[in-house]
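Take a look at the letters that make up each chain.
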Amino acid sequence: MLLGNLLAVLAGLMAFPVMVLLIEVLASLAVFHDQLAEHQGVGSSASAAVVVPAHNESSGVVPTVQDLKPQLAPQDRLIVVADNCSDDTAAIAAAAGAEVIERNDLAHIGKGYALAHAMAHLKQDPPDMVLFVDADCRVQGDMLPRLKDACAYASRPVQACFLMTAPEHSPVDHRLAEFFWIVRNWVRPLGLAGLGFPVQLMGTGMMFPWRLIRDLRMDGNLVEDLKLGLDSAAIGFPPCFYPSVVGTSEFPITQRGTETQRQRWIQGHLRMILQQLPRYLLRALVTRNLGLLVLVLDMMIPPFSMLVPLIALMLFATLAWFLIVGMATPLILSLVNCAAVGFAVLLAWMRYGQQIISLDEMMRLGGSLLSKVPYYGRVYFGRKVASWIRTDRTKVDQ
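Residues numbered from 1 in each chain as written. Predicted model: local features only at pLDDT ≥ 70, side-chain atom pairs only at ≥ 80, totals over all residues. Heavy atoms only, no water.

Colleague: What's the story with the packing of aromatic side chains in this structure? I'm lost.
Modeller: Within a pair of aromatic rings, the relevant descriptors are the distance that separates the centres and the angle that separates the planes. According to the stated counting rule, one finds three aromatic pairs in the structure shown. With a centroid separation of 5.8 Å and 65° between ring planes, the pair formed by Phe132 and Phe208 is classed as edge-to-face. Of this pair, Phe132 sits in strand 4 (residues 129-132) while Phe208 sits in strand 7 (residues 206-209); the two residues are 76 residues apart in sequence, bridging distant segments of the chain. Take Phe208: its relative accessible area is 0%, and that puts it in the buried class. Their ring planes at 45° and their centres at 5.3 Å tell us that Phe179 and Phe180 sit as a pair that is tilted. When sorted by exposure, Phe179 lands in the same class as Phe180, which is buried. (Phe/Tyr/Trp six-rings, centres within 6.5 Å; stacked < 30°, edge-to-face > 60°. Helix = DSSP H or I, 4+ residues; strand = E, 2+ residues; numbered from the N terminus. Buried < 20%, exposed > 50% of the residue type's maximum accessible area, 1.4 Å probe, protein only.)

Colleague: Would you explain the pairing of strand 6 (residues 158-165) in this entry?
Modeller: With respect to burial, strand 6 is a largely interior element, seven of its eight residues being buried. Inspection of the sheet shows strand 6 paired to strand 7 by two bridges, in the antiparallel sense. Bridging across to strand 7, Gln159 finds its partner in Met206. Strand direction decides the pairing type here: strand 6 and strand 8 (residues 240-250), joined by eight bridges, are parallel. Residue pairing in the sheet places Ala160 in a bridge with Tyr242 of strand 8. (Pairing = 2+ DSSP bridges.)

Colleague: For this particular structure, what's the right way to read the packing of helix 12 (residues 304-325) against helix 13 (residues 329-353)?
Modeller: Packed helices, taken two at a time, are described by the angle their axes make and the gap between the axes. Between helix 12 and helix 13, the least distance of the axes is 8 Å, while the angle of their chain directions is 150°. By the angle between their axes, helix 12 is roughly antiparallel relative to helix 13. For the crossing formed where helix 12 meets helix 13, the hand is left-handed. Across from Phe304, Leu307, Ile311, Met314, Leu315, Thr318, Leu319 and Phe322 in helix 12, the residues of helix 13 making contact are Pro330, Leu331, Ser334, Leu335, Asn337, Cys338, Val341 and Val345. A class-by-class count of the residues in the contact of helix 12 with helix 13 yields 13 nonpolar, three polar and no charged. (Axes fitted to C-alpha atoms, helices over the stretch in contact; angles between N-to-C directions. Parallel < 35°, antiparallel > 145°, perpendicular 65-115°, else oblique. Left-handed = near helix turned anticlockwise from the far one by under 90°. Contact = heavy atoms within 4.5 Å. Nonpolar A, V, L, I, M, F, W, Y, C, P; charged D, E, K, R; others polar.)

Colleague: Explain the pattern of salt bridges to me, please; I cannot follow it from the model alone.
Modeller: Side-chain pairs of opposite charge can arise whenever the charged atoms involved come near each other. Under the definition given, this model contains 12 salt bridges. The salt bridge partner of Asp142 is Arg146, with a shortest N-O separation of 3.7 Å. Its relative accessible area of 29% is what places Asp142 among the partly exposed residues. Arg146 sits in the partly exposed class, given a relative accessible area of 24%. Arg188 is the salt-bridge partner of Asp298, the closest N and O atoms lying 2.9 Å from each other. Here the residue Asp298 occupies a position in helix 11 (residues 290-299), and Arg188 occupies one in helix 6 (residues 175-194), the gap between them amounting to 110 residues. Neither residue differs from the other here; Asp298 and Arg188 are each classed as buried. Taken together, the shared-partner salt bridges in this structure form one network comprising Glu24, Arg188 and Asp298. (Salt bridge = Lys/Arg side-chain N within 4 Å of Asp/Glu carboxyl O.)

Colleague: What am I meant to see in the sheet that holds strand 6 here?
Modeller: By way of backbone hydrogen bonds, the strands of a sheet pair with one another, either parallel or antiparallel. Read from one edge to the other, the open sheet built from eight strands follows the order 3-2-1-4-7-6-8-5, with strand pairing classed as mixed. In this open sheet, the two edge strands, each paired with only one partner strand, are strand 3 (99-103) and strand 5 (138-139). Of the strand pairs in this sheet, strand 2 (residues 77-83) and strand 3 are connected by five bridges, and their pairing is parallel. If you follow Val80 over to strand 3, its bridge partner there is Val100. Packed on one face of the sheet, helix 5 (residues 143-154) meets strand 1 (48-54), strand 4, strand 5, strand 6, strand 7 and strand 8 and runs near 150° to strand 8.

Colleague: I would appreciate a short explanation of a nonpolar patch on the surface in the present structure.
Modeller: A cluster of nonpolar residues, Leu3, Leu6, Val9, Leu10, Leu13 and Phe16, forms a patch on the protein surface that exposes about 550 Å² of accessible area. Following the sequence through the fold, Leu6 ends up in helix 1 (residues 2-28). According to the relative accessible area criterion, Leu6 is partly exposed, its value standing at 47%. (Patch = residues over 30% accessible without salt bridge, like charges linked within 9 Å, V, L, I, M, F, W, Y side chains within 5 Å. Areas by Shrake-Rupley, 256 points an atom, 1.4 Å probe, with all protein chains shown as cover.)

Colleague: Whenever I open this one, the pairing of strand 1 confuses me. Can you help?
Modeller: Residues in a regular strand project their side chains so that they alternate between the two faces of the sheet. Strand 1 sits mainly inside the fold: seven of its seven residues count as buried. Along strand 1, one buried face is formed by Ala48, Val50, Val52 and Ala54 and the opposite face, lined by Ala49, Val51 and Pro53, is buried too. For strand 1 and strand 2, the ladder comprises six bridges, and the chain directions are parallel. When the bridges of strand 2 are listed, Val51 appears paired with Ile79. Handedness of the crossover joining strand 1 and strand 2 through helix 2 (residues 61-68) is recorded here as right-handed. (Right-handed = clockwise from strand over helix to strand, strands pointing away.)

Following this line, the structure appears as structure tokens:
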């Protein structure tokens, strides 16, 4: 009976992130009302610094700079942080018209350190707002002015929608990953925004009021975006989502680059769950901070590559226990979890994913996750990745 009770407890605990996921997807189906449609230009007089952290991005930083430069108002600045670069990123970015600052500190490697270096630089002449954009992102033509309006109107951090797309002629099949990325960075935040709740920060397309970002601590955390969002919410400035502005970045074109990128994201997320979630949850409850509590509950949802195998393995375990001893409670909880996840994914696919992948293909590719449990075990718990490794985007011959 002890094992049965343990299975019931585990299945019950898994129901928390599962139900949060389902609620977010259901809420995303409502029509989004753009409140800024009636407040255009409220941030036009504000000064903004656009910070682009770049580590060996000489081949990718120019399109990003070219996207951003035409959007700058006279009072705005575009700053590229060439961080521990061994290539000509600094020279290329400067030639493209960006203000460039370099950082060389191999003892402290990480995107967060690059952002902190930019903040120290900006303290000499502080802007009203700071926008962070990754060096490999393409941005919408009016992203900066619209995010300035959103940040001025909300007086708190604003997150644009950033999606990952498959490179042209990629030998790696990214369709399933592209769909689940839409669920993570579009569907779930849209649902939270529709309910009036804050959202997680996504690492790029993040706009902060200067008075807030100047006091937030940044370091070598693998998921500095999650931490920044939680820290902002903890002091009363939870990030909001502005889905009317969209940017994109491409998945790596090689299998090695894909695995490195996935490993960095997954390990960073799991580390935040295991090491930081209890602290943030306690703070949210003690201070009655609803915004922080919502972000903590959202962070509990693991990556789909982990959630799906966990749900399936729990179903098999509880089914076996039911067949052996006849205890039904763990099995019922597991069936509810499976049904909720399946229903959430189906709704998200019907509304947002049909143009990316067919339902039959998604089911076949999703089923392959179970065969990759040993691989994902190595990703989750194997060798730790370095704080900041440039994603491999080497082109392949066609």
